[in-house]
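Given next are the chains, with one letter for each unit.
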Amino acid sequence: METLLDLIGAGLLVLGTAFLFLGGLGLNRMPDVLNRIQVGTKATTLGTLLTLAGAGFLHPDWALKLLLVALFLLFTNPLSAQVLARAAHRSGHVKLSEDGIDHLAEDQGDKL
Amino acid sequence: MVEGLLYLASMLAGAAFLLALYRFVQGPNAVDRVVAFDVLTVISITAIVLVALVENRIVYLDVALVYALLSFLGVIVIARYLGKET
Amino acid sequence: MNDFTSNGAFRQGGLFAVLLLFWVMLNNALTVETVVVGVIVAAVITALFKDGMSFLTDARLNPQAVLATFLYLGYFLKELIKANIALAAIVLSPNLPIKPGIVKVRTELKSPMGRLLLANSITLTPGTLTVEVGEDCLYVHCVMLESGDVNEATQRIAAGFEKYLEVMYG
């Protein structure tokens, strides 16, 4: 009893989890905190959204609740990423390369 | 076919979880660990949705939602603590 | 227009509607009981949090703003997918082609909600991450930063979203 909708849903599930896998890989490959945050947030956000969409195709009657989870993640993920990035910068864990541009450190230097 | 793809998705999510866990253990500093923790929770949410699909029970989606809420609060609190203005 | 949107009744009505909608979504059912309970709960919360901030704080309600909201959502999803493909390419390439830096981006948006949405959108678009929010600018971390030119960065990173958010929030 497999319909085309089921197949699309399962395909989206695999695609979504593949993005999660890429996120995990990027988390290990990236050299510093801010780049890790970048890969971590973006890959997991799209990965989870695709997985939830896939679940919606497999179970159309769950759609509303899945949409609620998706909306929640869409708002909280970037927020926690920003708060973490700010924490990383304030606690001095951000080290850019020699010729790297850092306007934030420059502007904070002005104020001190 | 659908079942096979579901297994494939679960394996990918498991591999992602292990990779993020490696970063979580490895560090090297607190912020890295919190980032890894954030990613781990999002992967867990996906895993819970997959469990809901396998078990065919909608209740698990409530678990995913509450989990998302609590982990978000946790990350915000730890991040604010780490980023205290000196 | 502004007189109408800044007025409390509109904001509270909007909050009530959003809460009720979320309640129905959470129950995943549209029956008489859920709606009745939802109306009561939403009314109580609206009464308790009448000065709280929500999406509708400062939001404008005219046809252009509604249209802009939909265009914004479409543009945002397109950017999110582009961001992921670009990052996937970077993560999978053996020599890891990155050149990180933090650049300042100016914004004209005055409303806090508009700026929050701008910062969130920037975080989810190709190779950029908002680090700190200043008075009239955002500090954005880029995976690939070619130059430290503020105007060029503003054009490249923020202009696409600002165009819509300007109409939505002002």
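Note that the structure is a prediction, hence the values are computed from the model and not measured.

(A) Spatial organisation of the overall build of chain C. The helix and strand tally for chain C stands at six helices and three strands. The burial tally for chain C puts 45% of its 170 residues in the buried class. For chain C, contacts bridging at least 24 residues in sequence account for 74% of all contacts bridging at least 6. Surface exposure of chain C reaches about 8,600 Å², of which carbon and sulfur atoms provide 68%.

(B) Molecular detail of the packing of aromatic side chains. Inspection of every chain in the model, using the stated rule, returns two aromatic pairs over all chains. Aromatic pair Phe72 of chain A and Phe72 of chain B: ring centres 6.4 Å apart, planes at 80°, arrangement edge-to-face. Taken together, the residues Phe72 of chain A in helix α3 (residues 63-90) and Phe72 of chain B in helix α3 (residues 59-82) connect one chain to another. You can call Phe72 of chain A partly exposed: its relative accessible area is 23%.

(C) Quick look at the sheet that holds strand β2 (residues 128-133) of chain C. If you walk across this open sheet you meet the three strands as β1-β3-β2 (chain C), and the pairing is antiparallel. Looking at the sheet topology across the chains shown, the edges are occupied by β1 (101-106) and β2 of chain C. Sheet twist, expressed as the mean angle between neighbouring strand axes with direction ignored, is 35°. Packed on one face of the sheet, α3 of chain A meets β1 and β2 of chain C and runs near 65° to β2 of chain C. Packed onto the sheet, helix α5 (residues 112-123) of chain C meets β2 and β3 (137-142) of chain C and runs at close to 145° relative to β2 of chain C.

(D) Local environment of the pairing of β2 of chain C. Counted residue by residue, β2 of chain C has five buried out of six residues, so it is predominantly covered. The turn joining β2 of chain C and β3 of chain C, which pair antiparallel and follow one another in sequence, is formed by three residues.

(E) Focus on a nonpolar patch on the surface. Residue and element names in this part refer to chain C. Side chains of Val32, Val36, Val37, Ile40, Val41, Val44, Ile45, Leu48 and Phe49 sit close together on the surface and give an oily, nonpolar patch of about 800 Å² of accessible area. Mapped onto the elements, Val44 comes out in helix α3 (residues 32-48). Of the residues examined, Val44 reaches a relative accessible area of 44% and is grouped as partly exposed.

(F) Quick look at the interface of chain A and chain C. The interface of chain A with chain C comprises 44 residues on the first partner and 46 residues on the second. Summed over both sides, the interface between chain A and chain C buries roughly 4,000 Å², with carbon and sulfur atoms accounting for 69% of that surface. Along the contact surface separating chain A from chain C lie zero salt bridges. Linking chain A with chain C are six residue pairs in polar contact (both at pLDDT 80 or more), by the criterion used here. Counting residues per element, the ones that place at least two in the side of chain A that touches chain C are α1 (4-29), α2 (33-58), α3 and α4 (103-111) of chain A. Among the elements that line the side of chain A that touches chain C, the one with the most residues is α3 of chain A, at 15 residues. A class-by-class count of the residues in the side of chain A that touches chain C yields 25 nonpolar, nine polar and ten charged.

(G) Geometry of the environment of Ile8 of chain A. Its place among the elements puts Ile8 of chain A in helix α1. Between the alpha carbons of Ile8 of chain A and Gly54 of chain A there is a distance of 7.2 Å; along the sequence they are 46 residues apart.

(H) Expanded view of the interface of chain B and chain A. Listed by partner, the interface residues are 48 residues for chain B and 45 residues for chain A. Summing the contributions of chain B and of chain A, the shared interface buries around 4,200 Å²; its carbon and sulfur component is 78%. Taken together, chain B and chain A are joined by two salt bridges. Applying the counting criterion to the chain B and chain A interface returns seven residue pairs in polar contact (both at pLDDT 80 or more). Breaking the side of chain B that touches chain A down by element, the ones donating at least two residues are α1 (2-26), α2 (30-55) and α3 of chain B. Element by element, the count of residues in the side of chain B that touches chain A is highest for α2 of chain B, at 15 residues. Here the residues of the side of chain B that touches chain A sort into 36 nonpolar, five polar and seven charged.

(I) Examining α2 of chain B more closely. Residue and element names in this part refer to chain B. Taking 1.5 Å per residue, 26 residues should reach 38 Å; α2 reaches 37 Å between its end C-alpha atoms and fits that length. When you tally the buried positions in α2, you get 19 out of 26 residues, the bulk of the element. By the N-cap criterion, in which a side-chain oxygen at the helix start approaches the backbone nitrogen of a residue two or three places on, α2 is capped by Asn29, the distance to Val31 being 3.1 Å.

(J) Looking closely at the domain arrangement of chain C. The assigned domain composition of chain C is domain 1 (2-48) and domain 2 (63-168). Each of domain 1 of chain C and domain 2 of chain C was reduced to a C-alpha centroid, and the two centroids are 32 Å apart.

(K) Molecular detail of the packing of α3 of chain A against α2 of chain B. Direction vectors running N to C along α3 of chain A and α2 of chain B enclose 175°, while the axes themselves pass 10 Å from each other. Taken together, the axes of α3 of chain A and α2 of chain B are roughly antiparallel relative to one another. Within the contact between the two elements, α3 of chain A uses Leu66, Val69, Leu73, Asn77, Ser80, Leu84 and Ala88 of chain A and α2 of chain B uses Val31, Val34, Val35, Asp38, Val42, Ile45 and Val49 of chain B.

(L) Structural detail: a negative patch on the surface. A cluster of acidic residues, Glu108, Glu135, Asp136 and Glu166 of chain C, forms a negative patch on the protein surface. Structurally, Glu135 of chain C is set in the loop between β2 and β3.

(M) Quick look at the pattern of salt bridges. On inspection of all chains with the given rule, the structure shows three salt bridges over all chains. The partner of Asp32 of chain B in a salt bridge is Arg36 of chain A, and the shortest N-O contact between them spans 2.4 Å. On the criterion of chain membership, the pair formed by Asp32 of chain B in helix α2 and Arg36 of chain A in helix α2 is interchain, its members lying in two chains. In this pair, the class of Asp32 of chain B matches that of Arg36 of chain A, namely buried. Notably, a salt bridge pairs Glu79 of chain C with Lys82 of chain C, separated by 3.0 Å at the nearest N-O pair. Placement of the pair is Glu79 of chain C and Lys82 of chain C together in helix α4 (residues 63-92), with a separation of three residues, close to one helical turn. Look at Lys82 of chain C and you get partly exposed, because its relative accessible area is 44%.

Parameters and conventions
- Residues numbered from 1 in each chain as written.
- Chains lettered and ligands numbered in written order.
- Predicted model: local features only at pLDDT ≥ 70, side-chain atom pairs only at ≥ 80, totals over all residues.
- Heavy atoms only, no water.
- Helix = DSSP H or I, 4+ residues; strand = E, 2+ residues; numbered from the N terminus.
- Buried < 20%, exposed > 50% of the residue type's maximum accessible area, 1.4 Å probe, protein only.
- Contact = heavy atoms within 4.5 Å.
- Areas by Shrake-Rupley, 256 points an atom, 1.4 Å probe, with all protein chains shown as cover.
- Phe/Tyr/Trp six-rings, centres within 6.5 Å; stacked < 30°, edge-to-face > 60°.
- Pairing = 2+ DSSP bridges.
- Axes fitted to C-alpha atoms, helices over the stretch in contact; angles between N-to-C directions.
- Patch = residues over 30% accessible without salt bridge, like charges linked within 9 Å, V, L, I, M, F, W, Y side chains within 5 Å.
- Salt bridge = Lys/Arg side-chain N within 4 Å of Asp/Glu carboxyl O.
- Buried area = accessible area lost by both parts, 1.4 Å probe.
- Polar contact = N/O pair within 3.5 Å; in protein donor to acceptor, adjacent residues only side chain to side chain.
- Nonpolar A, V, L, I, M, F, W, Y, C, P; charged D, E, K, R; others polar.
- Expected span 1.5 Å × (residues − 1).
- Domains from an automatic or database assignment.
- Parallel < 35°, antiparallel > 145°, perpendicular 65-115°, else oblique.
- Lys, Arg positive; Asp, Glu negative; His and termini not counted.
- Charge placed at Lys NZ, Arg CZ, Asp CG, Glu CD.

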